[in-house]
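# Overview (structure and organization)
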Amino acid sequence: MTSSFANRIGIEHPLIQAPMAGSTTPALVAAVSNAGGLGSLGAGYLEPAAILEQAEEIRRLSDRPYAIGLFVLPDEFDADMKAVAQAREQLDALMAREGLEVRTGLPARWAPRFSDQFAALCEARPAVASFAFGVISPVQMRELHQREIHVVGTATTADEALAWADAGADSVCVQGAEAGGHRGTFLHDAEDAMIGLFALVPLAVRALAQHAPKVPVIASGGIMDGCGMLAAEVLGASASQLGTAFLACPECSAAEPWKRDLLDASEHQITTIRGFSGRAARGLRNRFVEAMPEAVAGLPYPVLNALTAPLRRAAAAAGRGDLLSEWCGQAASLARPQPAAELVARLMHEYRLARRMPVT
Ligand SMILES: Cc1cc2nc3c(=O)[nH]c(=O)nc-3n(C[C@H](O)[C@H](O)[C@H](O)COP(=O)(O)O)c2cc1C
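Anyway, here's the lowdown on the structure attached to this text. Bear in mind that the values here come from a model prediction, so they are computed numbers and not experimental data.

A few words now on the site of the ligand. Among the 20 residues in the neighbourhood of the ligand, the closest are listed as Pro19, Ala21, Gly222, Gly243 and Thr244. A distance of 2.9 Å separates an oxygen atom of the ligand from a polar atom in the backbone of Ala21. Between the ligand and Ser220 there is a distance of 3.2 Å, counted from an oxygen atom to a side-chain nitrogen or oxygen. Residues of the shell around the ligand, tallied by class, amount to 10 nonpolar, 10 polar and no charged.

With respect to the element layout, Glu160 can be found in helix 7 (residues 158–167). Comment: no salt bridge for buried Glu160; closest opposite-charge side chain is Arg183, at 7.2 Å. A polar contact of 2.7 Å, which involves the side chain of Glu160, links it to the backbone nitrogen of Phe186. Setting aside its immediate chain neighbours within four residues, Glu160 contacts Ala155, Thr185, Phe186, Leu187 and His188.

On to the pairing of strand 9 (residues 239–242). By the alternation rule, side chains of strand 9 split into Ala239 and Gln241 and Ser240 and Leu242, which are all buried. Taken together, the 3 bridges between strand 1 (residues 15–17) and strand 9 define a ladder with parallel strand orientation. Following the sheet pairing, Ile16 is matched in strand 9 by Gln241. Across 3 bridges, the pairing between strand 8 (residues 217–220) and strand 9 is parallel. Looking across to strand 9, one finds that Ala219 is bridged to Ser240. In this view, the connection linking strand 8 to its parallel neighbour strand 9 by way of helix 9 (residues 226–234) has right-handed handedness.

Spatially, 8 strands are ordered 1-9-8-6-5-4-3-2 in an open sheet, and the strand pairing comes out parallel. Edge strands, defined here as strands with exactly one partner in the open sheet, are strand 1 and strand 2 (39–42). Neighbour to neighbour, the strand axes of the sheet diverge by 25 degrees on average, direction disregarded. Where strand 5 (residues 150–155) meets strand 6 (residues 171–175), 4 bridges bridge the pair, whose relative direction is parallel. Residue pairing in the sheet places Thr154 in a bridge with Cys173 of strand 6. Where helix 3 (residues 48–61) meets the sheet, its contacts fall on strand 2 and strand 3 (66–71), and the angle it forms with strand 3 comes to roughly 165 degrees.

The subject of this paragraph is the layout of surface pockets. Approximately 680 Å³ is the volume found for the largest pocket. As for the largest pocket, its lining consists of 29 residues, of which Gly22, Tyr45, Ala309, Arg312 and Arg313 are closest to the centre. Ranked by residue count, the leading element in the lining of the largest pocket is helix 13 (residues 303–317), at 7 residues. Split by residue class, the lining of the largest pocket holds 18 nonpolar, 7 polar and 4 charged.

Take empty space enclosed by the protein next. Scanning the entire structure with this criterion turns up 3 cavities of 30 Å³ or more. Estimates place the volume of the largest cavity at around 590 Å³. The wall of the largest cavity is formed by 39 residues, among which Ala18, Pro19, Met20, Gln175 and Gly180 lie closest to the centre. Those elements giving two or more residues to the lining of the largest cavity turn out to be strand 3, strand 4 (128–132), strand 6, strand 7 (181–182), strand 9 and helix 10 (244–247). Residue classes in the lining of the largest cavity are distributed as 21 nonpolar, 18 polar and no charged.

What counts and how
Here, residues in each chain are numbered from 1, in the same order as that chain's written sequence. In keeping with the predicted nature of the model, local features appear solely for residues at pLDDT of at least 70, side-chain atom pairs appear and are counted solely at 80 or more, and the whole-chain, interface and lining totals rest on all residues. Working from all heavy atoms in the structure, the side-chain values ignore hydrogens and water. The rule for a residue being near a molecule or strand is that one of its heavy atoms must lie within 4 Å of it. Throughout this description, a polar contact denotes any pair of N or O atoms lying within 3.5 Å of each other; where both atoms belong to protein, one of them has to be capable of donating a hydrogen while the other can accept it, and for residues adjacent in sequence the pair is counted only when both atoms sit in side chains. We call Asp, Glu, Lys and Arg charged. Ala, Val, Leu, Ile, Met, Phe, Trp, Tyr, Cys and Pro are nonpolar, and the rest, Gly among them, are polar. Secondary structure elements follow DSSP: runs of H or I no shorter than four residues count as helices, runs of E no shorter than two count as strands, and numbering proceeds from the N terminus. Summary of the burial criterion: residues with accessible area below 20% of their type's maximum are buried, those above 50% are exposed, and those between are partly exposed, where the area comes from a 1.4 Å probe applied to protein chains only. Counted as positive: Lys and Arg. Counted as negative: Asp and Glu. His and the chain ends are not counted at all. Any carboxyl oxygen of Asp or Glu within 4 Å of a side-chain nitrogen of Lys or Arg constitutes a salt bridge here. Contact definition: two residues touch when any of their heavy atoms are within 4.5 Å. In this description, strands pair whenever DSSP reports at least two bridges between them. Note on handedness: a crossover is taken as right-handed if, strands pointing away from the viewer, the path from the first strand over the helix to the second is clockwise. For helices, the fitted line uses only the C-alpha atoms of the stretch in contact; every axis is such a line through C-alpha atoms, and the angle between N-to-C directions lies from 0 to 180 degrees. Definitions used for this entry: grid spacing 1 Å over protein atoms alone; cavity, a set of points where a 1.4 Å probe fits but cannot get out; pocket, an open set with protein on both sides within 12 Å along at least 5 of 7 lines; lining residue, one with an atom within 4 Å of a point. Grid points are joined across faces, edges and corners, and a volume is the space filled by probe spheres set on the points.

What follows is the structure, encoded as structure tokens:
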């Protein structure tokens, strides 16, 4: 199989299991990497010590290349505390109405400090570092390259792909509108950057061919099987990054009701939501989304994300998928619940069949 991305990283398959903050585990990452794909740890919500701990666990389970994914954010955030108080009141009332004891709390910090997470990533030294929500600084890019870490930047438009190429990224992962989880958009309003993957891959490939021809494009958003991977390749992508397809794996830490609900979801129930985190993200329109308090509307990420974190944890513990952030891509019901290594083998079998390659 020829894929400039796979060759550069030293992996067998042009297949990446997406970093999914809050849902990936060392077991999932290692299983995908051991099966010849690239497993990715979604570390956006992890404190530096947890990043190092989980990286060590991955290393214990696999000696193959793997990735760590972070959200590029400022180290400090200002919050409008009057708006926070109002949102807390309404969120707490919603939980009370739904019969959950939990209430919002004020965390010591709204999110882990990005620069500390970045330092932990450098120390862990994975083969690949993947970033979303923004572009890293030239100094940070140099630090990664000095450690021979391959940098993947997430883009939702061709302009964002160019911004990452200008910043020195080694690959660009384009995220189509179909994609589950948070939008990586950083140059535009999220609503203006909902480009379908069939449009986005060739747009990004053309833009990069003119400005940075050596930078491979990775396709993500709605890819659920080997045919989808081949389609992305035909459009010009060098590899496919799948998130939702891996959410249903037993090694994934998504709550059980969420795993069940995504298999039953119709595509028209999967929508763009801001009310859990303050940032546009794709997931299931469930009870929480329907009943979302008005006061949360103005709160930005990561302030709202921090406020709803205890509520989401309690909802998961109570088996209340309808009150959870059930992130998933548009083709969620095509997910196949099976161990990650089997899923990788199945995806590659489908890919080879579709490509009319000898099936192993
Ligand atoms: C539950 C969930 C969490 C995600 N978290 C991250 C993340 O931490 N970092 C990131 O770059 N992308 C994240 N994504 C987006 C994926 O990288 C990818 O764009 C998306 O999963 C592709 O669409 P698909 O889910 O239809 O396969 C997440 C996606 C999901 C479903």
